[in-house]
Amino acid sequence: QVQLVESGGGLVQAGGSLRLSCAASVRPFSSYCMGWFRQAPGKEREFVAAISWSGGTTDYADSVKGRFTISRDNAKRTVFLQMNSLKPEDTAVYYCAAQTCTFYSRSRPYDYWGQGTQVTVSS
């Protein structure tokens, strides 16, 4: 059974911070590159950030670069997204995803998805 469970979403004012967590049942966890995506009302799902299996490579959408930080703890089978300087346009449902990989590639499809956690940023 493969399961990704996101947590940490909530309501925050512009300029504030949130940390999202994704607990993964996939094993071995280190065999997967991990990513975060988001989908705002009326918009298509978009890429936010990703991290390689080793944690040595990270990838960020231009819209969040410098504000968000992705990290992982393979021993705890968890990936994190630290979100700082939040803006109203960051409001969306955030999804955790797992990609089987040897080397990270943004274009490679993701194999498993979580159910999402809501992030709302007020003006």
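Preceding block: the structure.
Residue numbers run consecutively from 1 along every chain, following the written order of its sequence. Residue-level local features of this predicted model are given only where pLDDT is at least 70; pairs of side-chain atoms are given and counted only at 80 or more, and the full residue set underlies all totals for whole chains, interfaces and linings. The side-chain numbers reported here are obtained from all heavy atoms of the structure, hydrogens and water having been left aside.

**Q** Would you take a moment to explain the packing of aromatic side chains for this structure?
**A** Aromatic ring pairs are described here by two measures, namely the spacing of the ring centres and the angle between the planes. Each Phe, Tyr or Trp ring, with Trp reduced to its six-membered ring, pairs with another whose centre is within 6.5 Å; inter-plane angles below 30 degrees give stacked pairs, above 60 give edge-to-face pairs, and intermediate values give tilted ones. Counted by the stated rule, this structure contains 5 aromatic pairs. Here the aromatic rings of phenylalanine 37 and tyrosine 110 are separated by 5.0 Å at their centres, their planes lie at 85°, and the arrangement is edge-to-face. With a gap of 73 residues between them, phenylalanine 37 in strand 4 (residues 32–39) and tyrosine 110 in the loop between strand 9 (92–100) and strand 10 (112–113) connect regions that are remote in the sequence. By the burial criterion, phenylalanine 37 is buried, and tyrosine 110 matches it. Helix and strand definitions follow DSSP, with helices as H or I runs of at least four residues and strands as E runs of at least two, each counted in order from the N terminus. We call a residue buried when its accessible area falls under 20% of the maximum for its residue type, exposed when it is over 50%, and partly exposed in between, using a 1.4 Å probe and counting protein chains only.

**Q** Whenever I open this one, the nonpolar core confuses me. Can you help?
**A** The set of buried Ala, Val, Leu, Ile, Met, Phe, Trp, Tyr and Cys residues whose side-chain atoms join them within 4.5 Å is what this entry labels a nonpolar core. Counting 38 residues, the largest nonpolar core has Met34, Trp36, Leu81, Met83 and Tyr94 as its most contacted members. Whether two residues touch is decided by their heavy atoms; if any such pair falls within 4.5 Å, the residues are in contact. With residues near it in sequence (within four places) discarded, leucine 81 still touches Leu18, Arg19, Leu20, Trp36, Val48, Ala49, Phe68, Thr69, Ile70 and Tyr94.

**Q** Would you mind going over the state of the cysteines with me for this structure?
**A** Defined simply, a disulfide is a covalent bond joining two cysteines at their sulfur atoms. Disulfide: a pair of cysteine sulfur atoms within 2.5 Å of each other. Tallied over the entire structure, the rule returns 2 disulfides. Covalently, cysteine 22 is tied to cysteine 96 through a disulfide, its sulfur atoms 2.1 Å apart. On the sign convention where negative is left-handed, the bridge of cysteine 22 and cysteine 96, at about -80° about the S-S bond, is left-handed. On the criterion of sequence distance, the pair formed by cysteine 22 in strand 3 (residues 18–24) and cysteine 96 in strand 9 is long-range, its members being 74 residues apart. Exposure class is identical for cysteine 22 and cysteine 96. Each is buried. Note that cysteine 33 is cross-linked by a disulfide to cysteine 101, the S-S spacing being 2.0 Å. For the disulfide bridge between cysteine 33 and cysteine 101, the dihedral angle about the S-S bond is near 95°, and by the sign convention the bridge is right-handed. Taken together, the residues cysteine 33 in strand 4 and cysteine 101 in the loop between strand 9 and strand 10 connect sequence positions 68 residues apart. You'll find cysteine 33 and cysteine 101 in the same group, each marked buried. Indicated for the protein is the disulfide connectivity 1-3, 2-4, based on numbering the bonded cysteines in sequence order.

**Q** Would you take a moment to explain the sheet that holds strand 1 (residues 4–7) for this structure?
**A** Two modes of strand pairing occur in sheets, parallel and antiparallel, and in both the strands are linked by backbone hydrogen bonds. The sheet built from 4 strands is open, its strands ordered 1-3-8-7 with antiparallel pairing. Among the strands making up the open sheet, the edge pair consists of strand 1 and strand 7 (68–73). Here the strands of the sheet are splayed against their neighbours by 15° on average, with no regard to which way each runs. Here, a strand pair is defined by DSSP locating no fewer than two bridges between the strands. Pairing between strand 3 and strand 8 (residues 78–83): 6 bridges, direction antiparallel. Its bridge partner lying in strand 8, arginine 19 is registered against glutamine 82. Fitted lines through C-alpha atoms give the axes, limited to the stretch in contact for helices. The angle between two N-to-C directions lies from 0 to 180 degrees.

**Q** Would you take a moment to explain the pattern of salt bridges for this structure?
**A** Any two side chains of opposite charge can pair, on the condition that their charged atoms come close. Salt bridge, as applied in this entry: a Lys or Arg side-chain nitrogen positioned within 4 Å of an Asp or Glu carboxyl oxygen. Inspection of every chain in the model, using the stated rule, returns 5 salt bridges. Measuring nitrogen to oxygen at the nearest pair gives 2.7 Å for the salt bridge that ties arginine 106 to aspartate 59. With a gap of 47 residues between them, arginine 106 in the loop between strand 9 and strand 10 and aspartate 59 in strand 6 (residues 58–60) connect regions that are remote in the sequence. Residue arginine 106 is classed as partly exposed on the basis of its relative accessible area of 45%. Aspartate 90 is paired through a salt bridge with arginine 67; the nearest N and O atoms lie 2.8 Å apart.

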